[in-house]
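One-letter residues, chain by chain:
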Amino acid sequence: MNQHPIFSEHPGLIIVFAVAVLIMLLLDLGIFNKKSHVVTNKEAITWSLVWISLAMIFSGLIYHFAGAAKFYEFQSAYWIEKALSVDNLFVFILVFKFFDVQNENKHKVLFWGIIGALVLRAIFIFSGAFLIELTYLNKLLGLAGIEGFKYDINLIMTAFGLFLVYAGIKSWSAGDDDDEEDYNNTRGARLIRKFFSVSDKYDGDKFFTYENGKKLATPLLVVVAVIEFTDLLFAVDSIPAIFAISNDPFILYTSNIFAILGLRALFFLLDNFIHLFSKLQYGLAIILSFIGIKMIIAPFYHIESIYSLIVIGGILIISVLLSIMLPEKK
């Protein structure tokens, strides 16, 4: 992997990324979705195509300024995060169902959930890249005055790899436990109830309301907190996975953010066409295990990003095709 991050050589890409994301968020919240409304399939498809197109255009800029290797790293990290996020969206559907959130209010919850994810992912990715740089075994042995190995093993990457193989095996056999979960007892819900008194009733799309002259949080704020903590838990899988693709924090963060910014539109499509993803669970399990193995063997054999992209794309396509050809009866 290239050890030189893009932002040190092409700082202009940071400005392009920041401006594009800021403009799109302002347009999304301030113009197109100023008022809460039910998102139609047409609108969801349009926004999905917009966000995917922006990601592809940005990856084209990376190809132009930084070369093919960085382009493949971005593409691989983007599609990994996109694929793993679908599993996250399944849980979002259950959360909205549990709290009986109205369709017109789901977009606002997802918007603020993604704003939180922008901050949390930055913390995870940049701190992770910093820690990984410090934990190469040869570097640690050198500091201790001990002669290093022929292969430069990274302790954190190896641990991540073992964890992802375990997560893949666990995902393959995962059942429907989420269907039975009481989301009122999750950490996000308990955190809100610790700091605020919560009303039993919704007040449109408001996060706070007044009852008998007292300011109360609405259940919608509880839902946002649950969504935030759910994304935090899923990041434990997805963030280590993309470190198998690149050690460039700029590549990892930008690909991650472009992927999750398109989740709101993807959510509404998934909610209506969930039968098209019934076999995705098994595809994601294979992808997690593949990435984990790649991380473990990286010091001995490096799999190029383009081949990782082919494998990941192939598994996703096969998963969707099998879901269509062999739909679940329930």
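Relevant structure appears above.
It should be emphasised that the depicted structure is a prediction, and the values quoted were computed from it without experimental measurement.

Criteria and cut-off values
Residues numbered from 1 in each chain as written. Predicted model: local features only at pLDDT ≥ 70, side-chain atom pairs only at ≥ 80, totals over all residues. Heavy atoms only, no water. 1 Å grid on protein atoms, 1.4 Å probe; cavity = no way out; pocket = protein on both sides within 12 Å on 5 of 7 lines; lining within 4 Å. Points joined across faces, edges and corners; volume = space filled by probe spheres on them. Helix = DSSP H or I, 4+ residues; strand = E, 2+ residues; numbered from the N terminus. Nonpolar A, V, L, I, M, F, W, Y, C, P; charged D, E, K, R; others polar. Expected span 1.5 Å × (residues − 1). Bend = angle between axes of the 7 residues up to and from the residue. Buried < 20%, exposed > 50% of the residue type's maximum accessible area, 1.4 Å probe, protein only. Arc of directions from axis to C-beta. Salt bridge = Lys/Arg side-chain N within 4 Å of Asp/Glu carboxyl O. Patch = residues over 30% accessible without salt bridge, like charges linked within 9 Å, V, L, I, M, F, W, Y side chains within 5 Å. Areas by Shrake-Rupley, 256 points an atom, 1.4 Å probe, with all protein chains shown as cover. Axes fitted to C-alpha atoms, helices over the stretch in contact; angles between N-to-C directions. Parallel < 35°, antiparallel > 145°, perpendicular 65-115°, else oblique. Left-handed = near helix turned anticlockwise from the far one by under 90°. Contact = heavy atoms within 4.5 Å. Phe/Tyr/Trp six-rings, centres within 6.5 Å; stacked < 30°, edge-to-face > 60°. Lys NZ or Arg CZ within 6 Å of the ring centre and 35° of its normal.

Peer 1: Lay out the layout of surface pockets in plain terms, naming residues and giving numbers.
Peer 2: The computed volume of the second largest pocket comes to approximately 540 Å³. Mapped onto the lining of the second largest pocket, the elements with two or more residues apiece are helix 3 (41–66), helix 4 (68–99), helix 11 (263–272) and helix 13 (305–325). Considering each element in turn, the lining of the second largest pocket owes the most residues, six residues, to helix 13. Of the residues contributing to the lining of the second largest pocket, the split by class is 17 nonpolar, three polar and one charged.

Peer 1: Could you give me a rundown of helix 9 (residues 219–243), with the residues and numbers involved?
Peer 2: For helix 9, built from 25 residues, the straight-helix expectation of 36 Å at 1.5 Å per residue is met to within 8% by its first-to-last C-alpha distance of 36 Å. The sharpest bend along helix 9 measures roughly 40° and falls at Ala 235. Along helix 9, 19 of the 25 residues are buried, which leaves the element largely enclosed by surrounding structure.

Peer 1: Account for helix 7 (residues 155–172), naming residues and giving values.
Peer 2: Under the 1.5 Å per step criterion, the end-to-end length of helix 7 is 26 Å for 18 residues, consistent within 8% with the ideal 26 Å. Along helix 7, the positions that sit buried rather than exposed are Met 157, Gly 161, Leu 164, Ala 167, Gly 168 and Ser 171. All buried residues of helix 7 project into a common sector of 130° when viewed along the axis, lining one side. Helix 7 presents Leu 162, Ile 169 and Lys 170 as exposed residues on the side facing more than 90 degrees away from its buried surface.

Peer 1: With reference to specific residues and values, describe the pattern of salt bridges.
Peer 2: Side chains that carry opposite charge are capable of pairing whenever their charged atoms lie near each other. The tally for this structure, following the rule as stated, stands at six salt bridges. The partner of Lys 108 in a salt bridge is Asp 205, with the nearest N and O atoms 4.0 Å apart. With Lys 108 in helix 5 (residues 103–134) and Asp 205 in the loop between helix 8 (187–195) and strand 1 (208–211), the pair connects residues that are 97 residues apart, well separated along the chain. For Lys 108, a relative accessible area of 23% puts it in the partly exposed group. Across the pair Lys 206 and Asp 203 runs a salt bridge whose closest N-O atoms are separated by 3.9 Å. Relative accessible area serves as the criterion here: at 44%, Lys 206 is assigned to the partly exposed category. Linked by salt bridges that have partners in common, Lys 70, Glu 73 and Asp 248 make up one network.

Peer 1: I'd love a proper account of unusual backbone geometry, names of residues and values included.
Peer 2: With phi around 55°, Asp 100 is a residue other than glycine that occupies positive phi space. Here Asp 100 shows up in the loop between helix 4 and helix 5. Residue Asp 100 is classed as exposed on the basis of its relative accessible area, which comes to 53%. One non-glycine residue, Asn 212, lies in positive phi territory at about 55°. Among the secondary structure elements, Asn 212 is positioned in the loop between strand 1 and strand 2 (214–217).

Peer 1: Would you mind going over a nonpolar patch on the surface in detail, with residue names and values included?
Peer 2: Residues Ile 317, Ile 318, Leu 321, Leu 322, Ile 324, Met 325 and Leu 326 make up a contiguous nonpolar surface patch of roughly 680 Å² in combined accessible area. Relative to the elements of secondary structure, Ile 324 occurs in helix 13. You can call Ile 324 partly exposed: its relative accessible area is 47%.

Peer 1: With reference to specific residues and values, describe the packing of helix 12 (residues 280–297) against helix 13.
Peer 2: At a closest axis distance of 8 Å, the pairing of helix 12 and helix 13 adopts a crossing angle of 165°. When the interaxial angle is binned, helix 12 and helix 13 end up roughly antiparallel. Like other packed secondary-structure pairs, helix 12 and helix 13 cross with a definite hand, here right-handed. Contacts between helix 12 and helix 13 pair Leu 280, Gly 283, Leu 284, Ile 286, Ile 287, Phe 290 and Lys 294 from the former with Ser 308, Val 311, Ile 312, Ile 315, Leu 316, Ser 319 and Ser 323 from the latter.

Peer 1: Describe the packing of aromatic side chains, listing the residues and the values that go with them.
Peer 2: Taken as a whole and judged by the stated rule, the model has 18 aromatic pairs. Measuring from centroid to centroid gives 5.9 Å for Phe 58 and Phe 74, while their planes differ by 50°, and the two rings are tilted. On the criterion of sequence distance, the pair formed by Phe 58 in helix 3 and Phe 74 in helix 4 is long-range, its members being 16 residues apart. On the accessibility criterion, Phe 58 (3% relative accessible area) is buried. Accessibility expressed as a relative area gives 0% for Phe 74, which makes it buried. Aromatic pair Phe 71 and Tyr 72: ring centres 5.5 Å apart, planes at 65°, arrangement edge-to-face. Overall, the relative accessible area of 26% leaves Tyr 72 in the partly exposed class. Note that Lys 108 overlies the ring of Phe 207, its terminal NZ or CZ placed 4.7 Å from the centroid.

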